[in-house]
Amino acid sequence: MSLDVSPRLLAEAESGDVREEDFVETVRTSLPYAYHLIARLVGELRSGTAEFADNQTPPPSEKERGQLLRALSSDAIRGSLERHFGVALAFQNCHRVAVFPPEAQGGETHTRFTSLRAQILNQSPEFRDC
């Protein structure tokens, strides 16, 4: 799954630095499922009292799963989304993405969510091919 990079953004990258706002817009339009899922989780985090918000619902198709995997597997995309939304992202399997306040990184809840134990406990046979 590749980003749909506009000729203008490509020219910008070829001549030097890229504005992060332009890159995030490319991510939003290229990976809409991933972008909107993270945006929804950010809204849940900010409107609630929980320490984090996470998604436990599988994507509707492999296309959407691919978008989520692409967004979270790229350091540039993931980092841009974290800075854009002002959160720290954590990811356990093919669809369980969580958003934390940035200051929660390294804290007890974040560490528990990203632990080896949590990763193992969050596995099931249907995730083997994702």
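Residues numbered from 1 in each chain as written. Predicted model: local features only at pLDDT ≥ 70, side-chain atom pairs only at ≥ 80, totals over all residues. Heavy atoms only, no water.

A separate point is the packing of helix H3 (residues 32-47) against helix H5 (residues 75-85). A pair of packed helices is characterised by two quantities: the angle between their axes and the separation of those axes. The contact between H3 and H5 brings their axes to 11 Å, and the two run at 35°. Crossing handedness for the pair H3 and H5: right-handed. Between H3 and H5, the contacting residues are Tyr35, Ile38, Ala39, Val42 and Arg46 on the first element and Leu81, His84 and Phe85 on the second. When grouped by side-chain class, the residues that make up the contact of H3 with H5 number 6 nonpolar, 1 polar and 1 charged. (Axes fitted to C-alpha atoms, helices over the stretch in contact; angles between N-to-C directions. Helix = DSSP H or I, 4+ residues; strand = E, 2+ residues; numbered from the N terminus. Left-handed = near helix turned anticlockwise from the far one by under 90°. Contact = heavy atoms within 4.5 Å. Nonpolar A, V, L, I, M, F, W, Y, C, P; charged D, E, K, R; others polar.)

So, about the nonpolar core. A general trend in soluble globular proteins is that nonpolar side chains are found buried together. Among the nonpolar cores identified, the biggest contains 23 residues, and Ile77, Leu81, Leu89 and Val99 are the most heavily contacted of them. Among the elements of the structure, helix H2 (20-30), H3, helix H4 (62-73), H5 and strand E3 (97-100) are those that each provide at least two residues to this core. The greatest single-element share of this core, amounting to 7 residues, is contributed by H3. Beyond its immediate chain neighbours, meaning those up to four positions away, Leu81 contacts Val27, Tyr35, Ile38, Ala71 and Leu89. (Core = buried A, V, L, I, M, F, W, Y, C linked by side-chain atoms within 4.5 Å. Buried < 20%, exposed > 50% of the residue type's maximum accessible area, 1.4 Å probe, protein only.)

Those residues of H2 that fall on the buried side of the exposure criterion are Asp22, Phe23, Val24, Thr26, Val27 and Ser30. Those residues of H2 hidden inside the fold are in contact with helix H1 (7-15), H3, H4 and H5.

The topology assignment puts Ala11 in helix H1. Sequence separation of Ala11 and Gly66 is 55 residues, and the distance between their C-alpha atoms is 27 Å.

What follows concerns H4. Every α-helix carries 3.6 residues per turn, so stepping three or four residues along brings you back to the same face. Taking 1.5 Å per residue as the helical rise, H4 with its 12 residues ought to reach 16 Å, and the 16 Å between its terminal C-alpha atoms agrees with that figure. Glu64, Arg65, Gln67, Leu68, Ala71 and Leu72 are the residues of H4 that are buried. Viewed along the axis of H4, the buried residues span an arc of 155°, placing them on a single side of the element. Summarising the geometry of H4, the exposed residues directed more than 90 degrees from the buried face are Glu62, Lys63 and Ser73. (Expected span 1.5 Å × (residues − 1). Arc of directions from axis to C-beta.)

Let's shift gears to the packing of aromatic side chains. The geometry of an aromatic ring pair comes down to the distance between the two centres and the angle between the two planes. Evaluated as defined, the whole model comprises 4 aromatic pairs. When the ring of Phe100 is compared with that of Phe113, the centres are 5.7 Å apart and the planes differ by 70°; the resulting orientation is edge-to-face. Remark: Phe113 occurs in helix H6 (residues 108-113) and Phe100 occurs in strand E3; sequence separation between them is 13 residues. For Phe113, a relative accessible area of 6% gives the class buried. By way of ring pairs, the aromatic residues Phe52, Phe100 and Phe113 are connected into one cluster. (Phe/Tyr/Trp six-rings, centres within 6.5 Å; stacked < 30°, edge-to-face > 60°.)

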